[in-house]
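Listed below, chain by chain, are the residues.
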Amino acid sequence: MDFKISQRVLEKLKNKHGIERSEITECFCNRTGPYFADTRLEHQTNPPTYWFVAPNDKGRLLKVVFMRYPDYFEIKTVFVPTDGSDALYECLCARNAPGPMRTPR
């Protein structure tokens, strides 16, 4: 699936965060966990905003925030997760990972 980035967002990514468009593609390709919806009230959008954390090809860990449309993803922002979202992502992935069925005792 393709993704779109507005010129304003592309300039912000490059100038503020030092992120190139190619790194975003790399993160989508290197992602191993699912996307998670941003359920915070102040971040509600239509369609919903999703996010994930993944490394680029050089191992730089990035948080990718986007909206999903039928034919493309619209990138809202991408940044190095210094806000704890990388740990949150790991925790959410672990909680949502398929595992052995457990029988109640």
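Only a predicted model underlies this, so the values are computations on that prediction, with no experimental measurement involved.

1. Digging into the sheet that holds strand β1 (residues 2–4)
(1) Moving on: Across the sheet, five strands lie side by side as β1-β5-β4-β3-β2; this open sheet has mixed pairing. The outermost strands of the open sheet, each flanked by one partner alone, are β1 and β2 (36–37).
(2) Moving on: Two elements, strand β3 (residues 49–55) and strand β4 (residues 61–68), share seven bridges in a ladder whose sense is antiparallel. Paired with Tyr 50 across the two strands is Phe 66, which belongs to β4.
(3) Moving on: Lying over the sheet, helix α2 (residues 21–30) contacts β1, β3, β4 and β5 (72–79), oriented at roughly 90° with respect to β3.
(4) Moving on: Sheet strands in contact with helix α3 (residues 85–96) are β2, β3 and β4, and its direction is about 100° off that of β3.

2. Let's talk about the pattern of salt bridges
(1) Moving on: Counted under the stated rule, the structure contains two salt bridges.
(2) Moving on: Among the ionic pairs, Glu 23 bridges to Arg 60, the shortest N-O distance being 3.0 Å. Of this pair, Glu 23 sits in helix α2 while Arg 60 is found in the loop between β3 and β4, placing the two residues 37 residues apart along the sequence.
(3) Moving on: Residue Glu 23 is classed as buried on the basis of its relative accessible area of 9%.
(4) Moving on: A residue is classified by how much of its surface remains accessible, and Arg 60, at 27% relative accessible area, is partly exposed.
(5) Moving on: With a closest N to O distance of 2.8 Å, Asp 38 and Arg 40 form a salt bridge.
(6) Moving on: Classification of Asp 38 by relative accessible area gives buried; the value is 12%.

Calculation notes
Residues numbered from 1 in each chain as written. Predicted model: local features only at pLDDT ≥ 70, side-chain atom pairs only at ≥ 80, totals over all residues. Heavy atoms only, no water. Pairing = 2+ DSSP bridges. Helix = DSSP H or I, 4+ residues; strand = E, 2+ residues; numbered from the N terminus. Contact = heavy atoms within 4.5 Å. Axes fitted to C-alpha atoms, helices over the stretch in contact; angles between N-to-C directions. Salt bridge = Lys/Arg side-chain N within 4 Å of Asp/Glu carboxyl O. Buried < 20%, exposed > 50% of the residue type's maximum accessible area, 1.4 Å probe, protein only.

Spatial relationships are all this shows, so hold off on functional conclusions.
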